[in-house]
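As a plain string of letters, each chain reads:
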Amino acid sequence: MPAAGSEMITIVDYNGGNLRSVKRACDAVGIDSVFTSDPEAVAAADRIIFPGVGHAKAAMSTLRQSGLAEAMKTVHERGVPILGICVGAQLILDSCEEGPTDGLGLIPGQTRRFNLSDRSLKIPHMGWNEVRPTSDHPLLGGIRPGDAFYFVHSYFPCPTSNSDVFAETDYPEAFCCALGRDNLFATQFHPEKSGRLGLELLARFASWNGSAQA
Amino acid sequence: MLSRRIISCLDVRDGHLAKSVKFVNTKNIGDPIEKARAYYEDGLDELVFYDITASSEKRDIMIDVVEEVASQIFIPFSVGGGIRSVADATKLRLAGAEKININSAAAKRPELIREISDAIGAQSTVLSMDVLAVPVTAVIPSGYEIVINGGRKAMGMDAIEWAKQSEQLGAGELVVNSIDADGTREGYELKLTRVVADSVRIPIIASGGAGKPEHLYDVLTDGGADAALIASMLHYGEYTVSGLKQYLAGRGIAMRMGH
């Protein structure tokens, strides 16, 4: 397992530069990061952020064609700390309802679409909502009751095992908004768009040792 | 629970902050980035930068403003003003804009909504509509008409029909701006925001007319809006983001506190 702290963070770019907001957030808190679409650089990285926006099936197809899907599996097996964000938190599962498409299969589970019978609830789930930790995780340290993060999504992750769920949000029913296992952690919300709390989460990731033990 | 959002709009002309009153007599009131940063630190939920630069050769100043904002401010922000193509939208997205606001160009050519939505995603495609109250006719059954060019040109389009069509074409959010209320500081046009909110399933941002904290409360309850857009209430220092949020939270509106 890599030592904690100080490695360069490699941000996986599979969307033509549209995911650069994560890099800007890392810059703002003094975290060294590079933005790359090179599969070899991803496979050999010491620390990975796997962001995502857009359509899951299109994203997965780009990842496969570019070789980044294999690179993600390789770097995951190496045990380095990985943070998935938004669609990145969905693609780590076995399958995604959006498409549908297979995912990377790094954590057992699938995604589901919000199925809201109440017409007054909007899709996508867009805006600031409370993140409620359900079990301890080093990356969620410091979150207090009522703390909100920024979400924009129509699908949400459903890990098969409850032990992979680390936080929930209500819309209107509880759904998993943070999941993880071993060296992999992922948030459905956007830390890079969530003000001070989001930047703090990114800073914690930069020095995380890759273990879910608090 | 999903919070209601407070969004501030900064009208930027040639890189400077401007504030319009009824869309005429714009005046400069300072540095947009400095203002945006202060609001961010005071808990603002989202920012809108609207480019009202008249000359095309000065438009690239906006790209610099967007890059600067994106490197300092870590909440969603959208950029609008003069966006006519996917290329315009993509350029601003790469500079760091989370969302793209389209208005007149979409009213003139609705397919633009679909093109931009396909390119950058519905969640990043915001349709702004400028709306004027008019007598009810067969063409404008709701009594709300779409106007462009800062309210100077009527489009002969019903605002409710346009809202529904925009949603179908791929808009992920609607800004509903009342030309009648804009700059008056006498309150949002509640009936308008309510009928639009009831006719689509995407979030509604109410715009135009905010002058007092009660106006925000009214539009987030009776007006059915998901977010309230404010400008002059903040720009002249009369109110603060945190003060408005405390007031609204005290009246039972779900608000994100802190920053």
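Now for a look at the structure at hand.

Parameters and conventions
- Residues numbered from 1 in each chain as written.
- Chains lettered and ligands numbered in written order.
- Predicted model: local features only at pLDDT ≥ 70, side-chain atom pairs only at ≥ 80, totals over all residues.
- Heavy atoms only, no water.
- Contact = heavy atoms within 4.5 Å.
- Buried area = accessible area lost by both parts, 1.4 Å probe.
- Salt bridge = Lys/Arg side-chain N within 4 Å of Asp/Glu carboxyl O.
- Polar contact = N/O pair within 3.5 Å; in protein donor to acceptor, adjacent residues only side chain to side chain.
- Helix = DSSP H or I, 4+ residues; strand = E, 2+ residues; numbered from the N terminus.
- Nonpolar A, V, L, I, M, F, W, Y, C, P; charged D, E, K, R; others polar.
- 1 Å grid on protein atoms, 1.4 Å probe; cavity = no way out; pocket = protein on both sides within 12 Å on 5 of 7 lines; lining within 4 Å.
- Points joined across faces, edges and corners; volume = space filled by probe spheres on them.
- Phe/Tyr/Trp six-rings, centres within 6.5 Å; stacked < 30°, edge-to-face > 60°.
- Buried < 20%, exposed > 50% of the residue type's maximum accessible area, 1.4 Å probe, protein only.

### Side note on the interface of chain A and chain B
Thought 1: In this assembly, 32 residues from chain A lie in contact with 30 residues from chain B.
Thought 2: A per-residue breakdown of the area chain A buries against chain B is headed by Lys122, Met126 and Trp128 of chain A, which together make up 28% of the total.
Thought 3: Run the count over chain A and chain B and you get 2 salt bridges.
Thought 4: Across the salt bridge formed by Glu98 of chain B and Lys193 of chain A, the nearest N and O atoms sit 3.3 Å from each other.
Thought 5: Counting the contacts that link chain A with chain B gives 12 residue pairs in polar contact (both at pLDDT 80 or more).
Thought 6: Residue assignment for the side of chain A that touches chain B shows that the elements contributing at least two residues are α1 (21-28), β8 (125-130), β10 (148-153) and α6 (195-206) of chain A.
Thought 7: Residues belonging to the side of chain A that touches chain B are distributed by class as follows: 13 nonpolar, 9 polar and 10 charged.

### Considerations on empty space enclosed by the protein
Thought 1: Under the counting rule described, the total for this entry stands at 1 cavity of 30 Å³ or more.
Thought 2: Computed from the structure, the largest cavity encloses a volume of approximately 40 Å³.
Thought 3: In this structure, the largest cavity is lined by Ser21, Arg24, Glu192 and Lys193 of chain A together with Ala70, Ile73, Phe74 and Gly96 of chain B.
Thought 4: Split into classes, the residues belonging to the lining of the largest cavity amount to 3 nonpolar, 2 polar and 3 charged.

### Regarding the packing of aromatic side chains
Residue and element names in this part refer to chain A.
Thought 1: Using the criterion set out here, one finds 12 aromatic pairs over all chains in the structure.
Thought 2: With a centroid separation of 6.0 Å and 55 degrees between ring planes, the pair formed by Phe166 and Phe185 is classed as tilted. Here Phe166 is found in strand β12 (residues 165-170), whereas its partner Phe185 is found in strand β14 (residues 184-187), with 19 residues between them in sequence. The burial state of Phe166 is the same as that of Phe185; both residues are buried.
Thought 3: Centroid distance Phe205 to Trp208: 6.2 Å. Interplanar angle 45 degrees. Geometry classified as tilted. As far as the burial class goes, Phe205 and Trp208 line up, both buried.
Thought 4: The rings of Phe114, Phe149, Phe151, Phe156, Tyr171, Phe175 and Phe189 are connected pair by pair, giving a single aromatic cluster.

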